[in-house]
Amino acid sequence: MQDRLGKEQVVQNPLFEDGGWADRHSAKMLSVLRIVTALLFLSHGLSKIFGIPMSSASFPSAWTLLWIAGMLELIGGALLLVGLLSRPVAFLLAGEMAVAYWLVHAPDNFWPVLNNGEAAILFCFIFLYVAIRGPGPWSVDALLGRKRAAEGPDSYYEGLHRGEVRQTEAAE
């Protein structure tokens with residue numbers, strides 16, 4: 001595109017260029033993705049364990065695979081919702097969804113659209129993403145991390161681990 005003087009003009013997109021709106025808000029959108037996914041996942045646990053809303057999977061017998069899945073969905077969904085212990089919880093829940101897909105959905109049909117396994121696959125990969133990337137800035141984990149960073153090292157050994165204690169002090 002040329003301007004009125006005939007010079008080549010670069011068209012910039014304020015939404016998606018480097019440093020644009022999308023870059024500035026990507027961390028917040030990670031938090032939104034985690035929160036919405038956790039709410040959806042939590043609803044599966046509520047349905048299984050408390051029957052809210054009632055479904056064919058409501059009130060399974062204790063210690064069956066369905067009950068364990070419901071407890072993971074209930075407790076894990078709540079922890080992910082607030083962003084507490086997000087990485088290990090998300091990793092555990094990704095494993096649960098992989099197992100759920102292969103044990104419950106895949107035997108019915110090869111195609112996820114026919115075996116109703118799309119949600120399990122999406123949950124699995126979103127949880128893997130959260131486990132690798134972290135919970136985002138709107139989480140208890142991020143709040144605790146900011147608090148810990150502001151307070152400094154809790155002990156001599158923690159400071160040594162982070163390289164905040166000089167080597168001469170460490171040798172003494």
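Residues numbered from 1 in each chain as written. Predicted model: local features only at pLDDT ≥ 70, side-chain atom pairs only at ≥ 80, totals over all residues. Heavy atoms only, no water.

Draft legend 1. Quick look at the overall build of the protein chain. In terms of helices and strands, the protein chain carries eight helices and zero strands. N-terminal to C-terminal, the α/β element order of the protein chain is α-α-α-α-α-α-α-α. A buried classification covers 30% of the 172 residues belonging to the protein chain. Pairs at least 24 apart in sequence give 54% of the contacts found in the protein chain among residues at least 6 apart. (Helix = DSSP H or I, 4+ residues; strand = E, 2+ residues; numbered from the N terminus. Buried < 20%, exposed > 50% of the residue type's maximum accessible area, 1.4 Å probe, protein only. Contact = heavy atoms within 4.5 Å.)

Draft legend 2. The arrangement of the environment of Phe 125 in detail. Looking at the element boundaries, Phe 125 is found in helix H5 (residues 118-133). Classification of Phe 125 by relative accessible area gives exposed; the value is 55%. Between the C-alpha atoms of Phe 125 and Ala 90, which are 35 residues apart in sequence, the distance is 9.8 Å.

Draft legend 3. Structural view of unusual backbone geometry. Omega for the bond connecting Ile 52 with Pro 53 falls within 30 degrees of zero, at -10 degrees, which places this linkage in the cis form. Within the secondary structure layout, Pro 53 lies in the loop between helix H1 (21-50) and helix H2 (65-82). Phi at Trp 63 takes a positive value of approximately 65 degrees, unusual for a residue other than glycine. Note on placement: Trp 63 falls in the loop between H1 and H2. Even without a glycine there, the phi angle at Leu 85 is positive, about 55 degrees.

Draft legend 4. Local environment of the pattern of salt bridges. The final tally for this structure, using the stated rule, is one salt bridge. Between Lys 48 and Glu 73 there is a salt bridge whose closest N-O contact spans 2.7 Å. Highlighted residues: Lys 48 in helix H1 and Glu 73 in helix H2, separated in sequence by 25 residues. Lys 48 gets classed as buried once you look at its relative accessible area, which sits at 11%. You can call Glu 73 buried: its relative accessible area is 4%. (Salt bridge = Lys/Arg side-chain N within 4 Å of Asp/Glu carboxyl O.)

Draft legend 5. Layout of the packing of aromatic side chains. In the structure shown here, the tally under the stated rule is six aromatic pairs. Judged by centre distance (5.2 Å) and plane angle (85 degrees), the rings of Tyr 101 and Trp 102 are edge-to-face. The class of Trp 102 is exposed, set by a relative accessible area of 61%. Ring geometry for Phe 110 against Trp 111: centres 4.8 Å apart, planes inclined by 85 degrees, an arrangement best described as edge-to-face. Under the relative-accessibility criterion, Phe 110 is labelled exposed at 64%. (Phe/Tyr/Trp six-rings, centres within 6.5 Å; stacked < 30°, edge-to-face > 60°.)

Draft legend 6. Representation of the confidence of the model for the protein chain within the structure. Counting all residues, the mean pLDDT for the protein chain is 88, and 84% of those residues have values of 70 or more. Per-element confidence in the protein chain ranges from a low mean pLDDT of 50 for helix H8 (residues 167-171) to a high of 98 for H5. (pLDDT = per-residue confidence, 0-100.)

Draft legend 7. Representation of H5 in the model. In a regular helix each residue adds 1.5 Å, so 16 residues correspond to 22 Å; H5 covers 22 Å between its end C-alpha atoms and thus fits that length. Looking only at H5, the buried set comprises Ala 120, Phe 123, Cys 124, Phe 127, Val 130 and Ala 131. Each buried residue of H5 lies within a common arc of 135 degrees when the element is viewed along its axis, so the set occupies one face. Along H5, the residues that are exposed and aim more than 90 degrees away from the buried face are Leu 122, Phe 125 and Ile 132. The inward-facing, buried residues of H5 abut H1, H2 and helix H3 (86-105). (Expected span 1.5 Å × (residues − 1). Arc of directions from axis to C-beta.)

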